[in-house]
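Reading the structure
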Amino acid sequence: MEGLGRARGAARVILALETSCDETAAAVVSDHGEIRASVVSSQADLHARYGGVVPEVASRRHLELVTPVLREALDEADATLDDVDRIAVTQGPGLIGALLVGLAVAKALAWSRQLPLVPVDHLDGHVASLFLQPDPVDPPFVCLLASGGHTMLLSVRTHTDYQLLGTTLDDAAGEAFDKGARLLGLGYPGGRELDRLARTGDPEAFAFPVARVPGLDFSFSGLKTALLYAVRDLEPSQLEQRRADLAASYQRAIVRALVGRTREAVERTGLEQVAVVGGVAANSELRESLAGAALAPLLLCTDNAAMIASAARFAEPLPYPRYLGLDAYASR
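Below is a short write-up of the structure.

The rules behind each value
Residues numbered from 1 in each chain as written. Predicted model: local features only at pLDDT ≥ 70, side-chain atom pairs only at ≥ 80, totals over all residues. Heavy atoms only, no water. Disulfide = S-S within 2.5 Å. Buried < 20%, exposed > 50% of the residue type's maximum accessible area, 1.4 Å probe, protein only. Helix = DSSP H or I, 4+ residues; strand = E, 2+ residues; numbered from the N terminus. Core = buried A, V, L, I, M, F, W, Y, C linked by side-chain atoms within 4.5 Å. Contact = heavy atoms within 4.5 Å. Expected span 1.5 Å × (residues − 1). Bend = angle between axes of the 7 residues up to and from the residue.

Note: disulfide means a covalent bond formed between the sulfur atoms of two cysteine side chains. Scanning all chains against the criterion turns up 0 disulfides. In this structure Cys21 is a free cysteine whose sulfur lies 16 Å from that of Cys301, the closest cysteine sulfur available. With no disulfide partner, Cys143 has as its closest neighbouring cysteine sulfur the one in Cys301, 11 Å distant. Residue classification places Cys143 among the buried residues on the basis of a relative accessible area of 0%.

Printed below as a string of structure tokens:
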């Protein structure tokens, strides 16, 4: 990392890395939650030809991108490694090879500067995206975390005290969006394409089911199967004419499930404030359906390192050199 150590006298900051899936991200954040820099290099175009993320391809691309992304973040923040107080990195969950790239770089940086290291759970990072400036959200609140790999409801009592209220029993909401988009012949990333098409369709055209499972859990596998059968029952010419209606009706069913369970969680916990984080929080219908909820800024909905730095503000760092044996984990 030659050239990253020229001091410029900036305030001490957290330098964070996020490489859990197909975004290589670095951020510089102050202890007060000010985002000094947030750089995300997406691999979406690289994986589009495969219709989804290929783990080995993602890991190799992270190796190529991590140094330039780090340099860009420090430059954007007008900071150097001399200004860094601690290093933060996503430890899991995610693609194990991708995680190990970020973890190895973070450990090397922290060890070379004798800095403390903060390993961060990716899901804690999504919640912590709400704690950043300029409009931080103070606990307590009910949090809907909906992403490509996870869907869960949390009771967030403090910045570090979360209680799991419900989770998905099968597909995550983001995964359901992506699989639905694939069935409809849309591009990758599927959720974004499906949302765009749904805006031109009739959400009442098809009566897709919303699964009712015990407690505050979710299930989207039956909905995905219902879309598969609907697509199979249409002739190619009919499918082309009804594609937007299918997208709108399918999206409406996912959003109804998310909103309904969130409202139930509010009733059960007595917490009036609602917050929504994760990649699915960027969905236009979900944002409209939860009026009054605290929504993660669009730039912080998908994977980024600013949220990892935000979580690190409230976590206990590992002192030098105790973190050298730290390993990544693929699932929570």
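Further remarks concern unusual backbone geometry. Cis geometry marks the peptide bond from Pro139 to Pro140, where omega comes out at 10 degrees. By the secondary structure assignment, Pro140 is in the loop between α4 (122–128) and β6 (141–146). The residue after Tyr320, namely Pro321, is reached through a cis peptide bond having omega -5 degrees. On the secondary structure map, Pro321 appears in the segment after α11 (306–312).

Let's shift gears to the nonpolar core. Membership of the largest hydrophobic core comes to 77 residues, with the highest contact counts inside it found for Phe208, Phe220, Leu246, Ile254, Leu258 and Leu286. With 13 residues, the top contributor of residues to this core is helix α8 (residues 236–269).

So, about the environment of Arg261. Position of Arg261 relative to the elements: it lies in helix α8. Residue classification places Arg261 among the buried residues on the basis of a relative accessible area of 4%. In the structure, Arg261 is positioned 108 residues away from Leu153 in sequence and 8.2 Å away in space, judged by C-alpha atoms. With near-sequence residues (within four places) excluded, Arg261 lies in contact with Leu153, Arg212, Val213, Pro214, Gly215, Leu216, Asp217 and Phe218.

Next up on the list: helix α2 (residues 55–76). In this model α2 runs 29 Å from its N-terminal to its C-terminal C-alpha over 22 residues, within 8% of the 32 Å that 1.5 Å per residue would give. The sharpest bend along α2 comes to roughly 40 degrees, located at Leu65, with the proline Pro68 sitting one to four residues further on. Those residues of α2 that sit buried are Ala58, Ser59, His62, Leu65, Val66, Val69, Leu70, Ala73 and Leu74. Along its buried surface, α2 packs onto β1 (13–18), β2 (23–29), β3 (35–42), α1 (44–48) and α3 (96–113). Positive phi appears at Asp78, one or two residues downstream of α2, with a value of about 55 degrees.

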